[in-house]
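Here is how the chains run, residue by residue.
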Amino acid sequence: MAGSIAGNPTSNDESDQSYRGMAPDAKIAFFDIGYADGGSLSVPNLYDGVYPFARDVGAEIHSNSWGSS
């Protein structure tokens, strides 16, 4: 998901935009909500536990793409 959002082509060729994301100059903030054993997730309260940190560093968009075994 990070590449789909913030991907930026390594080529200087303006016609090659195959790896360009929706916001190629964006910066990524990562929140790990998984347990070390990979068995489950611990989803925090987003409005009190995650969003304020992202907002404080200038985030205007938040993508939640979680997965677990």
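None of these values were measured; they are calculated from a predicted model.

### Things to note about the layout of surface pockets
Point 1. If you add up the space inside the largest pocket, you get close to 840 Å³.
Point 2. In terms of lining residues, the largest pocket is bounded by 30 residues, among which Ile28, Ala29, Phe30, His62 and Ser63 are the most central.
Point 3. Among the elements of the structure, helix H1 (2-6) and helix H2 (46-56) are those that each provide at least two residues to the lining of the largest pocket.
Point 4. The element best represented in the lining of the largest pocket is H2, accounting for 3 residues.

### With respect to H2
Point 1. Those residues of H2 that sit buried are Leu46, Val50, Tyr51 and Ala54. Buried residues of H2, seen end-on, are gathered within an arc of 85 degrees and therefore sit on one face of the element. Opposite the packed face of H2, turned more than 90 degrees from it, sit the exposed residues Asp48, Phe53 and Asp56.
Point 2. Where H2 starts, the residue carrying a side-chain oxygen 3.0 Å from the main-chain nitrogen of Tyr47 turns out to be Asn45.

### Considering the packing of aromatic side chains
Point 1. Scanning the model with the defined rule gives 1 aromatic pair in all.
Point 2. With centroids separated by 5.1 Å and ring planes inclined at 85 degrees, the aromatic side chains of Tyr47 and Tyr51 adopt a geometry described as edge-to-face. Of this pair, Tyr47 and Tyr51 both sit in helix H2, 4 residues apart, which is roughly one turn of the helix.
Point 3. Take Tyr47: its relative accessible area is 64%, and that puts it in the exposed class.

Cut-off values and rules
Residues numbered from 1 in each chain as written. Predicted model: local features only at pLDDT ≥ 70, side-chain atom pairs only at ≥ 80, totals over all residues. Heavy atoms only, no water. 1 Å grid on protein atoms, 1.4 Å probe; cavity = no way out; pocket = protein on both sides within 12 Å on 5 of 7 lines; lining within 4 Å. Points joined across faces, edges and corners; volume = space filled by probe spheres on them. Helix = DSSP H or I, 4+ residues; strand = E, 2+ residues; numbered from the N terminus. Buried < 20%, exposed > 50% of the residue type's maximum accessible area, 1.4 Å probe, protein only. Arc of directions from axis to C-beta. Polar contact = N/O pair within 3.5 Å; in protein donor to acceptor, adjacent residues only side chain to side chain. Phe/Tyr/Trp six-rings, centres within 6.5 Å; stacked < 30°, edge-to-face > 60°.

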